[in-house]
Amino acid sequence: MADTIDTIDAEENSASEVEDEAAETEGKGGVDDDVLVKEGDIAGDYLERLLDLLDYDGDIDLDVEAGRAIVSIDGGEDLEKLVGPRGTVLESLQELTRLAVQQETGSRSRLMLDIAGWRADRREELRELGRSTAETVVSSGERVRLQPMSPFERKVVHDAVAAVDGVKSESEGEDPKRRVVIFPA
């Protein structure tokens, strides 16, 4: 009986130590900031090699924000080519960079890549689109279906719509034709 109690106490202590360690090491998004910095460093090295291969100039900036590594490339003349139409090349490079990080760390990364400020500019355009469309829906009372968008774009629009009273939004369809629909609440 005493052995059973000791075993239960040991299991409880072990579980509580694991929880304490997890609470101490977790950053804002549930991931340790040191892990995110390491992901950013790996991504930066990968992208630096890519820029060298392409003979493109660019400055790589690493940051940690909202529980994810943020990697930005700015300053080069040819960088728009790495964005592509509507960010398609950027999305592909982001995925390749995430895979390079995963190969080194063994864990899936949620890092965000921005090139030549495209993603930041697009975020502002989408916020304005979401807000203005939501206001149109409030005044007209009719639902509006937007053009198909990437997951990043849909998230920005949903967040903008959520800030407007009297409307709701949801996504419909299958990728790559998934789109945001805004309708009266």
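If you're wondering where the values come from, they're calculated on a predicted model, not measured in any experiment. (Residues numbered from 1 in each chain as written. Predicted model: local features only at pLDDT ≥ 70, side-chain atom pairs only at ≥ 80, totals over all residues. Heavy atoms only, no water.)

(A) Focus on the pairing of strand E5 (residues 167-172). In the sheet, E5 pairs with strand E6 (residues 179-184) via 6 bridges, with the strands oriented antiparallel. Bridge assignment links Glu 172 to a residue of E6, and that residue is Arg 179. Two successive antiparallel strands, E5 and E6, enclose a turn made up of 6 residues, where Gly 173 displays a positive phi of approximately 90°. (Pairing = 2+ DSSP bridges. Helix = DSSP H or I, 4+ residues; strand = E, 2+ residues; numbered from the N terminus.)

(B) Expanded view of unusual backbone geometry. Pro 176 follows Asp 175 through a cis peptide bond whose omega is 10°. With respect to the helices and strands, Pro 176 occurs in the loop between E5 and E6. Although it is not a glycine, Arg 86 adopts a positive phi angle of roughly 55°. Take Arg 86: its relative accessible area is 52%, and that puts it in the exposed class. In this model, Ala 116 sits at a positive phi of 55°, which is unusual for a non-glycine residue. (Buried < 20%, exposed > 50% of the residue type's maximum accessible area, 1.4 Å probe, protein only.)

(C) Up close: the sheet that holds strand E4 (residues 144-148). Pairing within the open sheet is antiparallel, and its 3 strands lie in the order E4-E6-E5. Two strands lie at the open edges of the sheet, namely E4 and E5, each paired on one side alone. The sheet shows a mean angle of 20° between the axes of neighbouring strands, direction not considered. Against the sheet, helix H4 (residues 118-140) contacts E4, E5 and E6, and its axis sits at roughly 35° relative to E6. Packed onto the sheet, helix H5 (residues 151-162) meets E4, E5 and E6 and runs at close to 165° relative to E5. (Axes fitted to C-alpha atoms, helices over the stretch in contact; angles between N-to-C directions. Contact = heavy atoms within 4.5 Å.)

(D) Here's a closer look at the environment of Met 149. Relative to the elements of secondary structure, Met 149 occurs in the loop between E4 and H5. Expressed as a C-alpha distance, the spacing of Met 149 and Asp 175, which sit 26 residues apart in the sequence, is 8.5 Å. Discounting residues that sit within four places of it in the chain, Met 149 has contacts with Arg 86, Leu 126, Leu 129, Arg 154, Val 157, Asp 175 and Arg 178.

(E) View of the nonpolar core. Formed by 18 residues in total, the largest nonpolar core has its most connected members in Ile 73, Leu 82, Leu 111, Leu 113 and Ile 115. Elements represented by at least two residues in this core include exactly helix H2 (33-54), strand E2 (68-74), helix H3 (88-105) and strand E3 (112-115). The leading source of residues in this core is H2, at 5 residues. With residues near it in sequence (within four places) discarded, Ile 73 still touches Leu 47, Leu 51, Gly 58, Asp 59, Ile 60, Leu 79, Leu 113, Asp 114, Ile 115 and Ala 116. (Core = buried A, V, L, I, M, F, W, Y, C linked by side-chain atoms within 4.5 Å.)

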